[in-house]
Amino acid sequence: MRINHLTTPAAVPATPSHHFAARFAAFILAVTVFYVDTFTSIESAIAVLYVIVLLLAAESLSRKGIWAVSFVCGSLAIVSYFGTHSFSPDFPSLLRLAVSLAALLITCSLILRNDRSRSDLIASHAALKDSERRYRSIFEQSRVALWERDYSQVRSFLMGLKATGVIDLREYAAARPEIISHCVSLIRTVAANAAARDLLGTIGEIAPDGSMRRYLAPNDVTFLELMVAIFNEENSFEGKGNLMAADGQTKLVLMSMTLPDDSSKFDRIIVGMVDITEGEMTQKALLEAQAELTRASRAATVGALSASLAHELNQPLGALVVNAQTMLRWMDRDPPDLAAIRRSAERMIRDSKRASEIIRNTRSLLSHEVQILERVGLPELIAETRALMDHDLGREDVTVDVTYGPGARTVAAVRIELQQVLINLISNAIQVMAEKNVPRRRIVIETERRDNRSTVISVRDFGPGISEEAMARLFVPFFTTKATGMGMGLSICKSMMEARGGDLSARNHTDGGAVFEVTIPMSENDD
Ligand code: ADP
């Protein structure tokens, strides 16, 4: 990659032989002038020629040396004067001496002043070179990809368009897309640092003319925006652009540059670029993952809803079938027992109502609808639940004993929810005792007040109790140890109770069997 350096005016340094020749010539000239001035009768200001001696010698002398030569030349002129005119000093010869001495003095001071300005110039040139070197090292070593580009031609072109009356460059370029590629060809890349070469590859091999045409991806729109910024004489430009690296890869870069006020400085504009391809891709991947997650969680919600409904509707639907079968049996009697048919029909209506209430409640739970708590009398609720489970209890020969603790008879709850919880716990108890062939199948339901803060309904069975493994995952959705189980019952019950500020917990009784405790927070009206 070519990097332009500031070129310095070629200064040919004086060699020692040059110095010697100059001093020798000065010496010969001084001796000649002195001789002519002292020993000939030429009546003119010969001593003025000492100025040439001084000029000849000055090149190879220090400031002190210049002073010394001036002093010697002046002294020689005075000596010559007194040697020739000591006895008859006249005004014209005195004037000539004065002119010669004045010329010497003026020349000496001019040489000294010139010397000072020359040293100042050299010092400022050295400082300039130093700052150029520093700039180069910052440019080269920067980890940001930096390009030095010449935008002067493209600026002239754009300003020319403006002068012809173009006001909106975007509109103009939309009608004549070829101007974009023309603008691209007018920009020359002068230098690129190592980071820029890493980013896009070596431009020297691909674009010997330094044009940046090769780098613009076909879908790039940022270049036009940059042209608009120059056209509108903005002070800076920043934008995201698609560039093609030397290996053909498309890179998304963030570029930024300062546009000078002075048009003559457009030949050296620094363009900084940061590769944001990976960051952008990560962001895209993140958004995709988020969308996937949303889809998955929606699917999971739908899944949970259907699993929950399937589970909870199992019981009322089962009861409906049983009652329908019973009704059919009563109808087949001759004569049909109309009163019994009526009872079965009423039970079927009750089960259907419960099924629809379960659906409604599950929906409202999932949509986080605020449910109004009702006063629920525990004796009535438990009696009703028992009646609902009558068939299952009778089939597996399970008895239910209920004890009410002091003051634990009403709670504030959503009736259908509390009933669902009790049905789940009683069903599990019946199933586990039937499965393990427990000889005396009993369920004990107790209600009690705790610390005047909550009411607890405990459901105890006399089965094998909860295994250690099951205890750890009891309330995790889809955890089941049953061949045909769904593993949703306990998790639904726990979340329903928690949603109302209560809880559902489990433990093993010291005398055997499992105990499930339903905790309902107390309200002021509980008794
Ligand atoms: P499912 O009844 O479909 O398995 P549950 O969530 O109601 O789903 O129960 C999850 C698991 O908890 C059961 O599979 C069983 O292992 C355990 N479990 C529930 N109730 C009892 C109980 N009374 N005694 C022992 N284990 C129980």
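Sequence order as written defines the numbering, with residues in each chain counted from 1. Local features in this predicted model are restricted to residues of pLDDT 70 or higher, and side-chain atom pairs are both shown and tallied only at a pLDDT of 80 or more, whereas totals for entire chains, interfaces and linings draw on every residue. Side-chain measures here rest on the full set of heavy atoms in the structure, leaving out hydrogens and waters.

### So, the site of the ligand
Here is step 1: The near set for a molecule or strand comprises every residue that places at least one heavy atom within 4 Å of it. Around the ligand sit 18 residues in total, of which Asp461, Thr480, Thr481, Lys482 and Gly487 are the nearest.
Here is step 2: Each polar contact in these results corresponds to two N or O atoms within 3.5 Å; when the atoms are within protein, one needs to be able to donate a hydrogen and the other to accept it, and residues that are neighboring in sequence are counted only if both atoms are side-chain atoms. Asp461 is positioned such that a nitrogen or oxygen atom in its side chain is 2.8 Å from a nitrogen atom of the ligand.
Here is step 3: Between an oxygen atom of the ligand and a side-chain N or O atom of Thr480, the distance comes to 2.5 Å.
Here is step 4: Contributions of two or more residues to the shell around the ligand are made by helix H15 (415-435), helix H17 (489-499) and strand S12 (514-521).
Here is step 5: Here the nonpolar group is Ala, Val, Leu, Ile, Met, Phe, Trp, Tyr, Cys and Pro; Asp, Glu, Lys and Arg are the charged ones; every other residue, Gly included, is treated as polar. Each residue belonging to the shell around the ligand can be placed in one class, and the counts come to 9 nonpolar, 7 polar and 2 charged. Per the convention used, a helix needs a DSSP run of H or I reaching at least four residues, while a strand needs a run of E reaching at least two, with both numbered from the N terminus.

### What about the side chain of Thr455?
Here is step 1: The residue Thr455 is located in strand S10 (residues 454-461) in this model.
Here is step 2: Accessibility here uses a 1.4 Å probe with only protein chains present; expressed as a share of the type maximum, an area under 20% marks a residue as buried, one over 50% as exposed, and anything in between as partly exposed. Residue class for Thr455 comes out buried when judged on its relative accessible area of 0%.
Here is step 3: Within the local environment of Thr455, its side chain forms a polar contact with the side chain of Arg449, the two groups lying 3.5 Å apart.

### A word on the sheet that holds strand S7 (residues 399-404)
Here is step 1: Across the sheet, 5 strands lie side by side as S7-S9-S10-S12-S11; this open sheet has mixed pairing. The open sheet terminates on both sides in strands that have one partner only, identified here as S7 and strand S11 (503-508). Strand-to-strand twist of the sheet, defined as the mean angle between neighbouring strand axes without regard to direction, takes the value 20 degrees.
Here is step 2: Strands are labelled as partners when DSSP assigns at least two bridges between them. In this sheet, S12 lies alongside S11 in antiparallel orientation, the contact comprising 6 bridges. Between N-to-C directions, angles cover 0 to 180 degrees, with each direction set by a line fitted to C-alpha atoms, over the stretch in contact for helices.

### A short note on the pattern of salt bridges
Here is step 1: Basic side-chain nitrogens of Lys or Arg form a salt bridge, by our definition, when they fall within 4 Å of a carboxyl oxygen of Asp or Glu. Considering all chains together, one arrives at 22 salt bridges under this definition.
Here is step 2: With a shortest N-O distance of 3.4 Å, Arg350 and Asp351 are connected by a salt bridge.
Here is step 3: Under the relative-accessibility criterion, Asp351 is labelled buried at 0%.
Here is step 4: Bridged by salt links that share partners, the residues Asp392, Arg395, Glu396 and Arg441 form one connected network.

### A short note on helix H5 (residues 152-163)
Here is step 1: Here a helix's expected span is defined as the number of its residues, less one, multiplied by 1.5 Å. Over its 12 residues, H5 extends 16 Å from the first C-alpha to the last, a length consistent with the 16 Å expected when each residue adds 1.5 Å.
Here is step 2: Taken as a whole, H5 has its buried residues at Val154, Arg155, Leu158, Met159 and Leu161. Each buried residue of H5 lies within a common arc of 150 degrees when the element is viewed along its axis, so the set occupies one face.
Here is step 3: Contact between two residues is taken to exist if any of their heavy atoms lie within 4.5 Å; hydrogens are not considered. In this structure, the buried residues of H5 make contact with helix H6 (169-175), helix H7 (178-186) and helix H10 (222-231).
Here is step 4: One or two positions beyond H5, positive phi appears at Gly165, with a value near 105 degrees. By arc we mean the arc of the directions from the helix axis to the C-beta atoms, nothing more.

### A few points about the sheet that holds strand S5 (residues 269-275)
Here is step 1: With antiparallel pairing, 5 strands are arranged side by side in an open sheet as S2-S1-S5-S4-S3. Two strands lie at the open edges of the sheet, namely strand S2 (188-192) and strand S3 (236-244), each paired on one side alone. On average, each strand axis in the sheet is inclined to that of its neighbour by 30 degrees, with strand direction left out of account.
Here is step 2: In terms of strand pairing, strand S1 (residues 145-150) meets S5 through 5 bridges, oriented antiparallel. Across the sheet, residue Leu146 finds its bridge partner in S5, namely Gly272.
Here is step 3: The strands touched by helix H4 (residues 91-141) within the sheet are S1, S2 and S5, with S1 carrying the most contacts at an inclination of about 125 degrees.
Here is step 4: Lying over the sheet, H10 contacts S3 and strand S4 (250-258), oriented at roughly 155 degrees with respect to S3.

### Topic: the UniProt feature "transmembrane region" (unreviewed entry) in the protein
Here is step 1: UniProt records the feature "transmembrane region" (unreviewed entry) at residues 20-36, 42-58 and 65-82, using the numbering of this structure.
Here is step 2: Secondary structure over residues 20-36 splits into 100% helix and 0% strand, and the C-alpha atoms at its two ends are 24 Å apart.
Here is step 3: Helix makes up 100% of residues 65-82 and strand 0%. Its end C-alpha atoms lie 26 Å apart. UniProt positions are given in the numbering used here, feature names are shortened, and annotations may be inferred rather than shown by experiment.

### Focus: the state of the cysteines
Here is step 1: Disulfide assignment relies on a single distance test, namely cysteine sulfur atoms paired within 2.5 Å. Inspection of every chain in the model, using the stated rule, returns 0 disulfides.
Here is step 2: Looking at Cys73, it has no disulfide partner, and the nearest cysteine sulfur is the one in Cys108, 10.0 Å off.
Here is step 3: Its relative accessible area of 3% is what places Cys73 among the buried residues.

### What about the environment of Arg342?
Here is step 1: Within the element layout of this structure, Arg342 appears in helix H12 (residues 338-366).
Here is step 2: Each C-alpha atom of the pair Arg342 and Trp330 lies 9.6 Å from the other, and the pair is 12 residues apart in sequence.

### A look at the packing of aromatic side chains
Here is step 1: Only Phe, Tyr and Trp rings are paired, with Trp represented by its six-membered ring, and only when their centres lie within 6.5 Å; those with planes under 30 degrees apart are stacked, over 60 edge-to-face, the remainder tilted. On inspection of all chains with the given rule, the structure shows 3 aromatic pairs.
Here is step 2: Consider the rings of Phe20 and Phe24, whose centres lie 6.2 Å apart with planes at 15 degrees: the pair is stacked. Note that Phe20 and Phe24 are positioned in helix H1 (residues 16-39) at a spacing of 4 residues, about one turn of the helix.
Here is step 3: The exposure class assigned to Phe20 is exposed, which follows from its relative accessible area of 59%.
Here is step 4: By relative accessible area, Phe24 is classed as partly exposed at 48%.

### Let's talk about the packing of H7 against H10
Here is step 1: At a minimum axis distance of 11 Å, the contact between H7 and H10 shows a crossing angle of 75 degrees. Of the possible angle classes, the one that applies to H7 and H10 is roughly perpendicular. Residue-level inspection shows Ile180, Cys183 and Val184 of H7 in contact with H10, the latter providing Phe223, Leu224 and Met227.
Here is step 2: The residue inventory of the contact of H7 with H10, partitioned by class, reads 6 nonpolar, no polar and no charged. Any angle that falls under 35 degrees is termed roughly parallel, while one over 145 is termed roughly antiparallel, one within 65 to 115 roughly perpendicular, and all others oblique.

### Digging into the pairing of S10
Here is step 1: In terms of burial, S10 is a largely internal element, 8 of the 8 residues being buried.
Here is step 2: Looking at chain direction, strand S9 (residues 442-450) and S10 are connected through 8 bridges and run antiparallel. What sits directly across from Glu446, in S10, is Ser458.
Here is step 3: Between S9 and S10, which follow one another and run antiparallel, lie 3 residues, and Asp451 among them has a positive phi close to 50 degrees.
Here is step 4: Where S10 meets S12, 7 bridges bridge the pair, whose relative direction is antiparallel. Bridging across to S12, Ser458 finds its partner in Glu517.

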